[in-house]
Amino acid sequence: MVSLVRSLRHHSDEVSCCAFSAALLASGSGDKTLRLYDTSDFSELPYSPLAGHGYAVRSCCFSACGRFLLSCSADGSTVVWRADTGEVAAELRHPNRSALRVCALAPDSSLLLAGASDGSAVLWDFRSRTLLSCRTISEASVVSCCFSPCNQMFVTGCTQGDLGLWDVNGGLLHAEKDAHDLGVTCCSFAPQYHADDGCLDFRMASCGQDSQLKIWIVSQRGAADCVMKLLHTLTSQSAPVLSCAFSYDGELVVSGSVDKTVAVYDATRGTLLHTLKHHDRYVTAVALSPTMPWIATGSMDRTVNVWRIGDASERPEAESKATVDEGRRLQDRGRLQLRDWSEEDVQTWMREEGLEELVGVFKANNMDGAELSELTKETATELGVESVGLRGRLLRKVQALKAEHSNDLPDEFLCPISRELMKDPVIAEDGYSYERESIESWIKGKNKRSPMTNLPLKTTLLTPNRSLKTAIQRWRATQ
């Protein structure tokens, strides 16, 4: 069962894209703006809409931590917005000012990719905001792109109908000619992948003007050996399919069509589960929440519809709420500067960090964020923290907290579990990067679920994230 939760009617032109973070829903439109909604009640945020593009917004996406929202436009720019304030953090332009059709961020937020109308693909280092490459990869417009969950490759689709698989250095791994007759419109990787005996298997969906949604198996063995095999061709929609996306657990794939419908499929079996009919014009965009069973669909009728998949969540309601709260906590951690924390914020942080025995001491001494940021070995001793081990643990956690709130430290460099700067980042089956020691301890414990999605980890294989490690090393060298 899929039920309509809310219809959002704030855009004055067609909706071209939508995206979820753990706490927010974003939509972009031909009216040149983006709108942001709180997913707790789908109310529009006070600083919405976001205006900064000169032409229609074509594509948008969130960083994995939810800290940034990215959007691109026919004006040739990709704008990086701070999701918590709506302020512009950066603006990246196509070297030739070509109109941009799509943008995508790597799961570990290390790389930003954009496809352009002139057939080029532009790659930036997201953390330093520096241009890495701009290559012509097609004679036609590049209208779709997506990174693999391992961060090591990406797929592009063009209006000529071809799909291309590329490594992050720009090397072509595989070309699928005429994947969709009359043109590709969208492509998307499933969040999970399977590893067996050195071979990585991914699922990828693509759709096009041929009115088809296709699910592929992408297999990679070694750095350059990559194969694509067609798993399913889905034809329940009677007109061009404009958008597609997988659910957070990879079990569903959803598509939107010119026939005004939204199709929900079982991604494994390739069977149609639901057909949603609540838009008056073409369905141009679909997105699925990374934490809850929600679908957002955008249309040329200027509305964004939010749907709930009623039977997709078998978890208890309390557990579902806890997952959303945890995602919100991870996203909101860096919103306030440390010095602006209240006494209650400090006490909450101490409990989260396992320093419960010191909460009473800090409360009695009215320690707020400003006091915490100035904490030293001497002041900790004056507070009565006599235990050398406890005092050392407190100071290390404060040091990590101060690093986390440094304006120069990208949030993506912090392990989602320990919230400390990563030294040996690895990618887990859920597609997120963690400090190796932290995720190994997590897996060895009783909890066999993803720390970020709360879904079961189907494999404990950890893949070194070399690009992220290199980026962290470069950052450390500048400090």
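Residues numbered from 1 in each chain as written. Predicted model: local features only at pLDDT ≥ 70, side-chain atom pairs only at ≥ 80, totals over all residues. Heavy atoms only, no water.

Caption draft 1: Geometry of the pairing of strand S3 (residues 24–29). Along S3, 6 of the 6 residues are buried, which leaves the element largely enclosed by surrounding structure. Of the two faces of S3, both are covered, the one formed by Leu24, Ala26 and Gly28 as well as the one formed by Leu25, Ser27 and Ser29. Summarising the sheet, strand S2 (residues 15–20) and S3 pair through 5 bridges and their orientation is antiparallel. For Val15, the partnering residue across the bridge sits in S3 and is Ser29. Pairing of S3 with strand S4 (residues 33–38), which is carried by 5 bridges, proceeds in the antiparallel orientation. Note on S4: the bridge partner recorded for Leu24 is Asp38. From the end of S3 to the start of S4, which pair antiparallel, there are 3 residues, and Lys32 there has a positive phi angle of about 75 degrees. (Buried < 20%, exposed > 50% of the residue type's maximum accessible area, 1.4 Å probe, protein only. Helix = DSSP H or I, 4+ residues; strand = E, 2+ residues; numbered from the N terminus. Pairing = 2+ DSSP bridges.)

Caption draft 2: Focus on the nonpolar core. One finds Val155, Leu163, Leu165, Phe189, Phe202, Met204 and Val218 to be the most contacted residues of the largest nonpolar core, which totals 21 residues. Contributing elements (two or more residues each) for this core: strand S16 (153–158), strand S17 (163–167), strand S19 (184–196), strand S20 (199–208), strand S21 (213–221) and strand S22 (225–234). Counting residues per element, this core draws most heavily on S19, at 5 residues. Counting 19 residues, the second largest nonpolar core, distinct from the first, contains Leu338, Trp349, Leu375 and Leu383. (Core = buried A, V, L, I, M, F, W, Y, C linked by side-chain atoms within 4.5 Å.)

Caption draft 3: Fine view of the side chain of Asp108. One can find Asp108 in the loop between strand S11 (100–105) and strand S12 (111–116). In this structure Asp108 is buried but unpaired, with Arg127 as the nearest side chain of opposite charge at 4.7 Å. In this structure the side chain of Asp108 is engaged in a polar contact, spanning 2.8 Å, whose partner is the side chain of Asn465. If sequence neighbours within four positions are ignored, Asp108 has contacts with Arg127, Asn151, Glu412, Ser433, Asn465, Ser467 and Leu468. (Lys, Arg positive; Asp, Glu negative; His and termini not counted. Salt bridge = Lys/Arg side-chain N within 4 Å of Asp/Glu carboxyl O. Polar contact = N/O pair within 3.5 Å; in protein donor to acceptor, adjacent residues only side chain to side chain. Contact = heavy atoms within 4.5 Å.)

Caption draft 4: Representation of the sheet that holds strand S31 (residues 433–435) within the structure. Taken in spatial order, the 3 strands make up an open sheet running S31-S30-S32, and their pairing is antiparallel. Edge positions in the open sheet fall to S31 and strand S32 (463–464), since each of these has one partner strand only. Set on the sheet, helix H7 (residues 436–444) makes contact with strand S30 (425–427), S31 and S32; between it and S31 the angle comes to about 95 degrees. (Axes fitted to C-alpha atoms, helices over the stretch in contact; angles between N-to-C directions.)

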